[in-house]
Every structure is written in C-alpha cells, then in structure tokens.
Amino acid sequence: MIPLETLQRIADSGARLRAAVAHDYKGDPRFTSYVSLEFESSRLILSTAEEDDSIALSTDLPAMIDCVARDEKAWIPALGRALLWGWTLTNHQGCVDGVRFDFRNTVSDSPVIIEVLVAASRLHTIVVPGAV
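Residues numbered from 1 in each chain as written. Predicted model: local features only at pLDDT ≥ 70, side-chain atom pairs only at ≥ 80, totals over all residues. Heavy atoms only, no water.

Caption draft 1: Representation of the layout of surface pockets within the structure. There is about 210 Å³ of room inside the largest pocket. For the largest pocket, the full set of lining residues is Y25, F31, T32, S33, T48, E50, M64, I65, C67, S121 and R122. (1 Å grid on protein atoms, 1.4 Å probe; cavity = no way out; pocket = protein on both sides within 12 Å on 5 of 7 lines; lining within 4 Å. Points joined across faces, edges and corners; volume = space filled by probe spheres on them.)

Caption draft 2: Region of interest: unusual backbone geometry. Despite not being glycine, A120 shows a phi value in the positive range, around 55°. Within the element layout of this structure, A120 appears in the loop between β8 (112–119) and β9 (122–127). One non-glycine residue, S121, lies in the positive phi region at around 65°. Mapped onto the secondary structure, S121 falls in the loop between β8 and β9. (Helix = DSSP H or I, 4+ residues; strand = E, 2+ residues; numbered from the N terminus.)

Caption draft 3: Quick peek at the pattern of salt bridges. Per the stated rule, a full pass over the model turns up five salt bridges. A salt bridge links R70 to D24; its shortest N-O distance comes to 2.4 Å. Placement of the pair is R70 in strand β5 (residues 67–71) and D24 in strand β1 (residues 17–25), with a sequence separation of 46 residues. Judged by its relative accessible area of 25%, R70 falls in the partly exposed class. The class of D24 is buried, set by a relative accessible area of 1%. (Salt bridge = Lys/Arg side-chain N within 4 Å of Asp/Glu carboxyl O. Buried < 20%, exposed > 50% of the residue type's maximum accessible area, 1.4 Å probe, protein only.)

Caption draft 4: Fine view of the environment of T48. Among the structural elements, T48 can be located in strand β3 (residues 43–49). For T48, a relative accessible area of 13% puts it in the buried group. Put simply, T48 and D97 are 49 residues apart on the chain and 8.4 Å apart in space, counted from C-alpha to C-alpha. Ignoring sequence-local partners within four residues, the contact set of T48 consists of S33, D53, S54, V118, S121, R122 and L123. (Contact = heavy atoms within 4.5 Å.)

Caption draft 5: Spatial organisation of helix α1 (residues 3–13). For α1, the set of buried residues is T6, L7, I10 and A11. Relative to the axis of α1, the buried residues are bounded by an arc of 125° and lie together on one face. Buried residues belonging to α1 abut β2 (32–39), β3, β4 (54–58), β6 (83–90) and β7 (96–103). Among the residues trailing α1, G14 stands out with phi positive, at a value near 70°. (Arc of directions from axis to C-beta.)

Caption draft 6: Fine view of the packing of aromatic side chains. One pass over the structure, following the stated rule, counts four aromatic pairs. On the basis of an interplanar angle of 20° and a centroid distance of 5.9 Å, the ring pair of F101 and F103 is categorised as stacked. Summarising the burial analysis for this pair, F101 and F103 share the class buried. By way of ring pairs, the aromatic residues F39, W75, F101 and F103 are connected into one cluster. (Phe/Tyr/Trp six-rings, centres within 6.5 Å; stacked < 30°, edge-to-face > 60°.)

Caption draft 7: Inspection of the sheet that holds β8 at higher detail. If you walk across this open sheet you meet the four strands as β6-β7-β8-β9, and the pairing is antiparallel. Of all strands in the sheet, those bounded by a partner on one side alone are β6 and β9. Neighbour-to-neighbour, the strand axes of this sheet turn through a mean angle of 20°, independent of strand direction. Against the sheet, α1 makes contact with β6 and β7, and its axis sits at roughly 170° relative to β6, the strand it touches most. (Pairing = 2+ DSSP bridges. Axes fitted to C-alpha atoms, helices over the stretch in contact; angles between N-to-C directions.)

Caption draft 8: The arrangement of the sheet that holds β4 in detail. The strand order β4-β3-β2-β1-β5 describes an open sheet built from five strands, whose pairing is antiparallel. The open sheet has two free edges, formed respectively by β4 and β5, since each of these has just one partner strand. Sheet twist, expressed as the mean angle between neighbouring strand axes with direction ignored, is 25°. As judged from the five bridges shared by β2 and β3, these two strands associate in the antiparallel manner. Looking across to β3, one finds that V35 is bridged to L46.

Take a look at the structure:
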C-alpha cells in the first residue's frame with residue numbers, strides 16, 4: 001500500500017491514537033529506527049527505506065534488531081485524538097522523506113500537528129507549534 005492510501009485508510013476509520021512508541025538503535029534516542037503508532041483499530045509503522053532514505057509506512061513491524069522501545073513524548077498531545085488529515089512530504093529531488101499528521105476529533109478542534117522526517121537514515125519527530 002502506498003503512503004497516501006495508508007494515511008487515508010487510517011483517517012477514514014476515525015480511530016483514535018492510543019500509543020506512540022519510538023524504537024531507537026541500541027537505545028540511543030538520536031538514532032530512531034522506527035516509530036509505531038497504535039490506533040484503536042490498526043497500527044502504523046514509520047521507518048526509513050534503506051535504499052533511498054525515504055520514509056516508509058507499513059502496518060507490519062520491521063525486522064530490526066538492536067532496537068530499544070521508548071514512549072515518544074512528542075506524541076502525548078495527540079493521544080486520544082483521531083487522524084483528521086495526513087500528508088506525505090516530498091523534497092526537491094522527488095523523494096518522499098516525511099509525513100505530516102493533523103490530529104483532532106472534529107474540524108473545529110485545535111489541531112495537534114506532528115511531522116516525522118527522515119534525515120541521515122534516522123527519523124526525527126517534530127511537533128509544529130501554533131499550527132492552524
């Protein structure tokens with residue numbers, strides 16, 4: 001399934017985010033290998049595609065060894081909220097190297113915007129402040 005179809009399926013389900021867990025190489029939070037987002041009815045895994053440093057979206061856990069799980073604090077404001085909108089982010093070379101999430105339960109709610117970007121074969125999670 002391509003990234004946009006994956007995001008659309010989760011957004012259309014209306015399922016709320018229950019948990020977000022980062023998996024760091026050898027426990028070092030500077031080297032996040034993948035992030036697991038647990039929704040009420042599904043799971044979304046974000047990881048780096050080794051061949052081109054693009055972002056990969058899947059529902060299957062990757063076979064990565066030497067990773068240590070930790071709660072990802074950046075996602076706390078999104079817990080209990082549904083994914084209303086999702087975008088893939090494409091760089092100037094045409095590589096999809098990020099995903100943007102808009103979490104809210106209704107259109108009139110204040111949004112929680114979180115981006116996950118790939119840089120140097122690592123995932124970086126960013127909460128977008130003051131997003132409208």
